[in-house]
Each structure stands twice: as C-alpha cells, then as structure tokens.
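Survey of secondary and tertiary structure
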Amino acid sequence: MARIVVVGAGAVAQVTVCKLARRPDLFPEIVVASRTFSKCQRLAERYPQARIIPEALDADNTAATVALLRKYKPELLLNLALPYQDLPLMDACLEAGVHYLDTASYEPPETPLYEYRYQWAYHERYAQAGLMAVLGIGFDPGVTNAFVAYAAKHLFDEIHYLDIVDCNAGSHGRPFATNFNLEINLREITQPGRYYEDGRLVEVPPLSISQEVRFPEIGVRKAYLIFHEELESLVKHFPTIRRARFWMTFSESYLMHLKAFMNVGLTRIDPIDYEGHPVVPIKFLQKLLPDPASLAPDYKGWVSIGVQLRGIYQGKPRTAYIYTNIRHEWAYQDCGSQAIAYTAGVPPAIAAELMISGLWKRPGVWNVEQLPPEPLLERLPAAGLPWKVVVDYPLDFIDVPE
Ligand SMILES: NC(=O)c1ccc[n+]([C@@H]2O[C@H](COP(=O)([O-])OP(=O)(O)OC[C@H]3O[C@@H](n4cnc5c(N)ncnc54)[C@H](OP(=O)(O)O)[C@@H]3O)[C@@H](O)[C@H]2O)c1
C-alpha cells in the first residue's frame, strides 16, 4: 500500500486516475496535482470511492513540488503533465526521495527535438539515492518498448529490422483535432522525420516518406515516417537492430488542415508580437481547437499500435508482429476516454503497481525495455489492452533489404 502523487489532470492523467482509483488496496491515497485545480477537483468527485486529494501545482517550480512531496511523503510520482516538466519533476523527486515515472521524454521548449540524454544524465544520481525512474511508460513509447524486449527474449536470437506502426482509424466527427496535447503532438509531427539505419540517424523532411501498411481489423492505410523517441533507446539497448523506423497514419483531412496551419505559421513555436503582446502561434491554435479529452463521447472506430520485427531465430529468418487493437467505444465505456488517451494512460497505472510492489525495482533511470516485460504485458489484457503475437507474419508492406 502506497501513497502516490499524479502530476497533470489532462486526457492521459484522467485515464490513469480512473485505473488507480479502482485499486484502493494498492493505492489508498492518490494526490492529483496540476496547474488547473478545478480539473483535479473534478477527478476527486468522479471517483468518490477512492481517496483522491486535489492540489494546485506549478510543476515547473521544483521547490513547490518538493514542498508538496514533503507534505504527503508519497512513494512514487507519476508525471502525466507535459515533457517540459520532466526535468523539474525529476529534480524534485531526487530531492524529496520519491520514485518517478513519465510517459514522454524531455524536450526543451525552444527546440522540438526529443532526446533521452537529458534524462539519462540522472542515472547515477538516482542509483546512488536508491531511487528508480521509469521513462516513457505510455503505449508508444512504453508498451511498444516492452513488445520489443519480449520479442528479443522469447522470439528472436537477433532482431535486425524494427517498424513501429500506429494507426488511429477512428472518427470523432470534428474537422480537426489532435488526440493528445496539441502543442506536443504537432511539434512531433512537424519536425523532420528521422530514423536509424546502420548506426546512423537519417533525417528527411517532415512527412516526406510514406508507405502503405496493412493493419489488423482496419485494412491498408497510408502511414508516414515520423521520429519517435523510443527509436533512440531501442537501438541503444538492442544493438543488433540495423534499422528502426516509426510510422503513423493520418487522414487526408488531417493533413490538409495541418499543411494549412504550417503554411500560415500557426504551428510556429516562437513568440510573435501581436499588438504589443507576445503570442506563441501553436499555443494560440491549441486554444482554438478541441481539448483531446472532450472528443471521447463521439469517437468511434479502431486503433491499432504494434511492432513489426524481422530477424533470425535458430539460424533461420523470422518475422513477427506484436500489436494491440482497441476501439474508442471500449475506452469510453471503461474510463469515459478516447482510445489514444486510454492506450497512453493505462500503462502508467500498471507501472505504478509494479514499482510499488517491487516487481520493477531497480535504482537508476530506465527505459521500459530494460525492465522485465512480462509483468507489464501479463497485466495489459485485464486492464483493457489486449495484445497479440503473430510469428512469421507476412510483412509485405514494409520494405526490407535482405
Ligand atoms: N507514451 C505515450 O503513449 C503517450 C501518448 C499520448 C500522450 N503522451 C504524453 O502524455 C502527456 C499528457 O498528455 P495529455 O494529452 O494528457 O495532455 P493534456 O490533456 O494537455 O494534459 C496535460 C496536463 O498537464 C498539466 N500541466 C501542464 N503544464 C503544467 C505545469 N507546469 N504544472 C502542472 N501541470 C501542468 C495541464 O494542466 P492544465 O489543465 O492547466 O492545462 C494538463 O492537466 C504528454 O507528455 C504527452 O506527450 C504519451
């Protein structure tokens, strides 16, 4: 039994809290601390059977977080705010002696470039303090890393090619919306595409490479190569991987809107002067568009996220596809959420259980693939995220030089 602190009260945090609130045996007290107090209060009201304590917190202010942690003395802090808060929250956890997890790697506000080096630099300090930090435990990154670790342990002697494939085939009925925080989402998509090949990071213009991919239950969809942070840690921890790429599908309408926003400068992250006031266009755009959590009631259709792998097993070539398919309606029924927030919000709740129960207990800073994948993967189906392994899957939609 442990007291925990959840930082953030947005689309992803709402799902994690929904799951944590069902386990008073493990989490008798959950502090939900975020910038907007009313959102924390709403969560406390939504789950009266759990003991949820709402708190206002500016997580950029390390001293304020340390004071909160000293007040409640939790075992673990779940960072479900934004990537900008990763470092101040990791500092606060170190100072207050609290374990840490997050769902997205740090990126500096002024540079849209995810890199793990900022957080990996904390490894020695966490190890010496006897504290554990788990990085990127959402779905992608998170479960996708565990899928690769599982495949490396149980299905392959060597993995050579990795393609992470992510398709949201659902429809929310709005002309344009993002499925998680707009600013973070559009920064990710509009930066150059990057992938790893033969030990090099290859950079291409944004959304300039696409390929048709067949998704279970969905069929063939056009997927675009984008950079995603788990590629960096996976090629480091599985050095037999010769090429690692990430693919995401977008509808024609989504791309049409995105291009228009880019063309007129609405995705800019630098402040512009508007009548004497500094305005950051992407933050302004976020104010105009729907809150991702608000899409949930109308969202219908499938989401499929998985890893497609090629390598060798017992001297012979082998392919495998490990994936999760869920419907937006299921996520709504379970937690009142849409499926993207759901896939990202369920894994941190499981990770919290593993960390406080000691099943994941290792001082230092870790990516998910460095931890035993089985306890996480075993718990996913009952938590609402079924997954499937298909060995010798015909990966005919992913080109592989052999
Ligand atoms: N790994 C994955 O699979 C995956 C998938 C999707 C998203 N994610 C990550 O999940 C995180 C949350 O995404 P989301 O869609 O839930 O975003 P969101 O709906 O915008 O929620 C973010 C929450 O963080 C709070 N926040 C922001 N800055 C803060 C600060 N300085 N101090 C305290 N609280 C602060 C926000 O407060 P306000 O309510 O005041 O705005 C909001 O409650 C993001 O980092 C995203 O990259 C991971």
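Residues numbered from 1 in each chain as written. Predicted model: local features only at pLDDT ≥ 70, side-chain atom pairs only at ≥ 80, totals over all residues.

So, on to helix 7 (residues 143-154). Here helix 7 spans 16 Å end to end across 12 residues, near enough to the 16 Å set by a 1.5 Å rise per residue. Burial of helix 7 is extensive: 10 of the 12 residues sit out of reach of the surface. Along helix 7, the positions that sit buried rather than exposed are Val143, Thr144, Asn145, Ala146, Phe147, Val148, Ala149, Tyr150, Ala151 and Ala152. (Helix = DSSP H or I, 4+ residues; strand = E, 2+ residues; numbered from the N terminus. Expected span 1.5 Å × (residues − 1). Buried ≥ 20, exposed ≤ 12 C-beta atoms within 10 Å, placed from the backbone.)

The contact between helix 7 and helix 9 (residues 230-237) brings their axes to 10 Å, and the two run at 20°. Here helix 7 lies roughly parallel to helix 9, going by the angle between them. The way helix 7 lies across helix 9 gives a crossing that is right-handed. Facing helix 7, whose interface residues are Thr144, Asn145 and Val148, helix 9 presents Glu230, Ser233 and Leu234. For the contact of helix 7 with helix 9, the per-class residue count stands at two nonpolar, three polar and one charged. (Axes fitted to C-alpha atoms, helices over the stretch in contact; angles between N-to-C directions. Parallel < 35°, antiparallel > 145°, perpendicular 65-115°, else oblique. Left-handed = near helix turned anticlockwise from the far one by under 90°. Contact = placed C-beta atoms within 7 Å. Nonpolar A, V, L, I, M, F, W, Y, C, P; charged D, E, K, R; others polar.)

Taken domain by domain, the chain consists of domain 1 (3-139 + 342-379) and domain 2 (143-338 + 383-391). Using only C-alpha atoms to locate each centre, domain 1 and domain 2 end up separated by 22 Å. Taken together, the contacts link 32 residues of domain 1 with 32 residues of domain 2. Where the side of domain 1 that touches domain 2 is concerned, the elements lending two or more residues are helix 1 (11-20), helix 13 (339-357) and helix 14 (374-379). Each residue belonging to the side of domain 1 that touches domain 2 can be placed in one class, and the counts come to 20 nonpolar, eight polar and four charged. (Domains from an automatic or database assignment.)

A few words on the site of the ligand. Around the ligand sit 33 residues in total, of which Gly10, Ala59, Gly138, Phe180 and Ala344 are the nearest. Among the residues forming the shell around the ligand, the class breakdown is 18 nonpolar, 10 polar and five charged. Counting the residues that make up the shell around the ligand, at least three belong to each of domain 1 (3-139 + 342-379) and domain 2 (143-338 + 383-391). (Near = placed C-beta within 6 Å.)

Next up on the list: the pairing of strand 7 (residues 158-168). A large share of strand 7 lies buried, amounting to nine of its 11 residues. Judged from the 10 bridges that link them, strand 7 and strand 15 (residues 302-313) form a sheet pairing that is antiparallel. Considered in strand 15, the bridge of Asp166 is made with Ile305. Sheet analysis places strand 7 next to strand 12 (residues 243-249), joined by six bridges and oriented parallel. Bridge pairing in strand 12 places Tyr161 opposite Arg243. (Pairing = 2+ DSSP bridges.)

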